[in-house]
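As a plain string of letters, each chain reads:
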Amino acid sequence: MNLQENRDAVYQEIISDPDNFREFIAQARQNEEAKKIMMQEHMQMMESGKMKGMMENNPEMKEKMKSHMQKMMEENPEMKEKMQQMMIEKMLQKKEGRKMLMQQIQKNEEMKKEMMQKIMENPEMRRKMQDQMKQKPEDHKNE
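Remember, it's a predicted structure, so these values are computed and weren't measured experimentally. (Residues numbered from 1 in each chain as written. Predicted model: local features only at pLDDT ≥ 70, side-chain atom pairs only at ≥ 80, totals over all residues. Heavy atoms only, no water.)

Peer 1: Is there a simple way to explain the overall build of the chain in this structure?
Peer 2: In terms of helices and strands, the chain carries ten helices and zero strands. The secondary structure elements of the chain, listed N-terminal to C-terminal, are α-α-α-α-α-α-α-α-α-α. Taken over the C-alpha trace, the chain has a radius of gyration of 21 Å; the compact-globule value for 143 residues is 15 Å, which it surpasses by more than 25%. Taking the principal axes of its C-alpha atoms as reference, the chain extends roughly 65 × 35 × 30 Å. In the chain, which comprises 143 residues, the share counted as buried stands at 12%. (Helix = DSSP H or I, 4+ residues; strand = E, 2+ residues; numbered from the N terminus. Rg over C-alpha atoms; globule rule 2.2 N^0.38 Å. Buried < 20%, exposed > 50% of the residue type's maximum accessible area, 1.4 Å probe, protein only.)

Right, here's the structure in full:
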């Protein structure tokens, strides 16, 4: 395994055979460090938009990924937190997303409490919210 050429040959052998690849992934899932690396790679792939393109072309894969992501988030609170943060950031980028997020917060008491807690803990967020509240309603129409 010291020579790059040999490693490349082993890697190619594993990934070219679906059964070998599944076995390799199963082995990787047994190792905590490997699971973290796979999770990081997965998150980077999702953030880059490559995953979206692959899923749009394959509805079956999209459903599998959706159920797999849900299962992983249930089992891994760290991943769930990261995914929620990504979704919120993405929603905040567009006016419609901000509006929808605010509606969701208004409907959900737990979300309201959580948001208030975050505002109190984060001086920058608190300042932004105070600035937003000071603006006249017509100032918000052009957002």
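Peer 1: I tried to follow helix α7 (residues 95-107) on my own but got confused; where do I start?
Peer 2: Residue pairs three or four apart in sequence face the same way in an α-helix, which turns once every 3.6 residues. Between its first and last C-alpha atoms α7 spans 19 Å; for 13 residues at 1.5 Å apiece the expected length is 18 Å, and the two agree. Buried residues of α7: Gly97, Leu101 and Ile105, and no others. Taken around the axis of α7, the buried residues stretch over an arc of 75°, which confines them to a single face. In α7, the exposed positions angled more than 90 degrees off the buried face are occupied by Glu96, Lys99 and Lys107. Looking at the buried side of α7, the elements it contacts are α6 (77-92) and α8 (109-121). (Expected span 1.5 Å × (residues − 1). Arc of directions from axis to C-beta. Contact = heavy atoms within 4.5 Å.)

Peer 1: Sorry if this is basic, but what is going on with the nonpolar core here?
Peer 2: Soluble globular proteins tend to pack their nonpolar side chains together in the buried interior. Core analysis: the largest hydrophobic core is formed by six residues, namely Met39, Met43, Met69, Met72, Met79 and Met83. Secondary-structure elements contributing two or more residues to this core are α3 (32-48), α5 (59-75) and α6. Leave out the neighbours within four places in its chain, and Met83 touches Met43, Met46, Met69 and Met73. (Core = buried A, V, L, I, M, F, W, Y, C linked by side-chain atoms within 4.5 Å.)

Peer 1: Can you help me understand the pattern of salt bridges in this one?
Peer 2: In a structure, side chains of opposite charge can pair up when their charged atoms sit close to one another. With the rule as written, the count across this model stands at six salt bridges. One salt bridge in this structure joins Lys118 and Glu114, with 3.6 Å as the shortest N-O distance. Placement of the pair is Lys118 and Glu114 together in helix α8, with a separation of four residues, close to one helical turn. Classification of Glu114 by relative accessible area gives partly exposed; the value is 39%. (Salt bridge = Lys/Arg side-chain N within 4 Å of Asp/Glu carboxyl O.)

Peer 1: How should I be thinking about the packing of α5 against α6 in this particular structure?
Peer 2: Describing two packed helices takes the angle between their axes plus the distance from one axis to the other. Contact geometry for α5 and α6: axes closest at 5 Å, N-to-C directions at 120°. Here α6 runs oblique to α5, going by the angle between their axes. Facing Met69, Met72, Met73 and Glu75 of α5, the residues of α6 in contact are Pro77, Met79, Lys80 and Met83. For the contact of α5 with α6, the per-class residue count stands at six nonpolar, no polar and two charged. (Axes fitted to C-alpha atoms, helices over the stretch in contact; angles between N-to-C directions. Parallel < 35°, antiparallel > 145°, perpendicular 65-115°, else oblique. Nonpolar A, V, L, I, M, F, W, Y, C, P; charged D, E, K, R; others polar.)

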